[in-house]
Amino acid sequence: MNLLESIIERAKADKQRIVLPEGTEERTLRAADLILSNGIADIILLGDEQSIKESAKKMGLNNIDKATIVNPKEHTKKKEYTDLLVEIRKNKGMTFEKASSLVEDPLYLACLMIKNGDADGEIAGAQNTTGDVLRPALQIIKTLPGVKVVSGAFIMFTQTPQYGENGILLFADCAVMPNPNAEELASIAVSSAKTMQSLVNVEPRIAMLSFSTKGSADHEMVDKVREATDLAKKMDSNLLIDGELQADAALVPSVGSSKAPGSLIAGKANVLVFPSLESGNIGYKLVQRLGNAQAVGPVLQGMAAPINDLSRGCSVEDIYNMVAITANQAIGLKKN
Ligand SMILES: CC(C)(COP(=O)(O)OP(=O)(O)OC[C@H]1O[C@@H](n2cnc3c(N)ncnc32)[C@H](O)[C@@H]1OP(=O)(O)O)[C@@H](O)C(=O)NCCC(=O)NCCS
Ligand SMILES: CC(=O)OP(=O)(O)O
């Protein structure tokens, strides 16, 4: 059984309630239909019931009837969620009027359902930008205790089995923090190790990427990566991590041993931590599109409940896989 198949089997064995705020979006509806048909999760679709049912009928989707459909404009818990939002954001100037309008926004409503215990996880982003998906999640769900920074990782299924874990690598941060400082970058490395361990089930070997390997260049951007590597080791002394490393030194054994002799990670990395969002987001899309890799994510790490984003360029299969991953995260969080 391959990795995605085992993630799907775990989701089936302990069905979670996953809310899809983009309930009227075509790829989302098709993915929801498959999820329901295969019994992977209980699905909550947000949107107007009549238009969802009409669209499903036009598309020949026969399983949408098994979903719970909630209309953000008129739902029974509107007052309860409005009060909850005011309570959570009262120190940020949230008024009842503002909250009662925000609870009609599917992206806010989905987070409030999770916060209130009415859903276990959310996946959105086929239609909405990452910023719009993330903002309500950061405001309402917030970070896990002890974690300051939410970041986004991609599980990359590459065509190059000689690299990473039989071709599988984790890339981060590809989605959230535009310009992390050294401490934030260290925190991204620690969260990425946890994601690799919990979802891919292999020991993470983390390379902190740069345009320099072990002092080959001298620049403040290189200093940041070096400092982040040291801080990550302090945050978790068991981490297998090294930096700063260039991508070739991180991945290719012969280059790793010549540029970073003695490194336990060079040439063997399976987690690549990029120095900024610019490099991470561009990097994953290049490997996905030019290298024909399957990019599953962004899996958000460090959030107190499983909320995940999608690329607006996602396929039905991407949404289907991300629902299963979100369900696995929910199962993991309930166990801890
Ligand atoms: C994530 C993002 C939306 C947050 O920025 P923002 O909307 O300006 O929001 P703010 O900085 O005002 O922060 C809003 C809240 O989130 C928190 N926050 C912001 N970034 C955070 C992070 N990475 N981790 C944890 N909390 C974070 C803030 O502390 C703030 O909390 P508060 O309101 O309770 O005080 C923004 O950084 C962003 O757009 N990032 C890039 C996303 C993107 O386009 N990615 C590429 C495609 S995947
Ligand atoms: C993750 C990502 O890059 O999302 P989008 O393509 O929607 O901007």
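Within any chain, residue numbers begin from 1 and follow the written order of that chain's sequence. Ligands are numbered from 1 and chains lettered from A, in the order in which they are written. Per-residue local features of the predicted model are confined to residues with pLDDT of at least 70, and side-chain atom pairs are confined, for both listing and counting, to 80 or more; whole-chain, interface and lining totals are unaffected and use all residues. No hydrogens and no water enter the side-chain calculation; it runs on all heavy atoms of the structure.

- The name given to the protein in an unreviewed UniProt entry is Phosphate acetyltransferase, with the source organism recorded as Fermentimonas caenicola.
- UniProt annotates the protein under Pathway (unreviewed entry) with the comment "Metabolic intermediate biosynthesis; acetyl-CoA biosynthesis; acetyl-CoA from acetate: step 2/2."
- Looking at the protein in UniProt, the text filed under Sequence similarities (unreviewed entry) is "Belongs to the phosphate acetyltransferase and butyryltransferase family." UniProt positions are given in the numbering used here, feature names are shortened, and annotations may be inferred rather than shown by experiment.

A closer look at the site of ligand 2
(1) Moving on: Here a residue is considered near a molecule or strand provided that any single heavy atom belonging to it is located within 4 Å of it. Around ligand 2, a shell composed of T130, F154, N281, Y284, K285, P298, L310, S311 and R312 is seen.
(2) Moving on: At a separation of 2.9 Å, an oxygen atom of ligand 2 approaches a polar side-chain atom of K285.
(3) Moving on: A distance of 2.8 Å separates an oxygen atom of ligand 2 from a polar atom in the backbone of R312.
(4) Moving on: Ranked by residue count, the leading element in the shell around ligand 2 is helix 12 (residues 277-289), at three residues.
(5) Moving on: Charged residues are taken to be Asp, Glu, Lys and Arg, nonpolar residues to be Ala, Val, Leu, Ile, Met, Phe, Trp, Tyr, Cys and Pro, and polar residues to be all remaining types, Gly included. When its residues are assigned to classes, the shell around ligand 2 shows four nonpolar, three polar and two charged. We call two N or O atoms a polar contact when they sit within 3.5 Å, provided that within protein one can donate a hydrogen and the other can accept it, with sequence-adjacent residues counted only if both atoms are side-chain atoms. Secondary structure counts use DSSP, requiring at least four H or I residues in a row for a helix and at least two E residues in a row for a strand, with both numbered from the N terminus.

Topic: the sheet that holds strand 10 (residues 294-301)
(1) Moving on: The mixed open sheet is built from six strands, whose spatial order is 8-7-9-6-5-10. In this open sheet, the two strands that pair with only one neighbour each are strand 8 (241-245) and strand 10. Taking each pair of neighbouring strands and ignoring which way they run, the sheet shows an average axis angle of 25 degrees.
(2) Moving on: Note: strand 7 (residues 206-209) against strand 9 (residues 271-273), three bridges, orientation parallel. From the neighbouring strand, A207 faces strand 9, where its bridge partner is L272.
(3) Moving on: On the sheet, helix 1 (residues 3-13) packs against strand 5 (151-157), strand 6 (168-172) and strand 10 and is oriented at approximately 125 degrees with respect to strand 5.
(4) Moving on: Contact criterion: two residues are considered in contact whenever any of their non-hydrogen atoms come within 4.5 Å of each other. Angles here are taken between N-to-C directions and fall from 0 to 180 degrees, while the axes themselves are lines fitted to C-alpha atoms, restricted in helices to the stretch in contact. Each of strand 5, strand 6, strand 7, strand 8, strand 9 and strand 10 touches helix 8 (residues 182-200); the most contacted strand, strand 6, lies at about 150 degrees to it. The pairing criterion for strands is at least two bridges between them, as found by DSSP.

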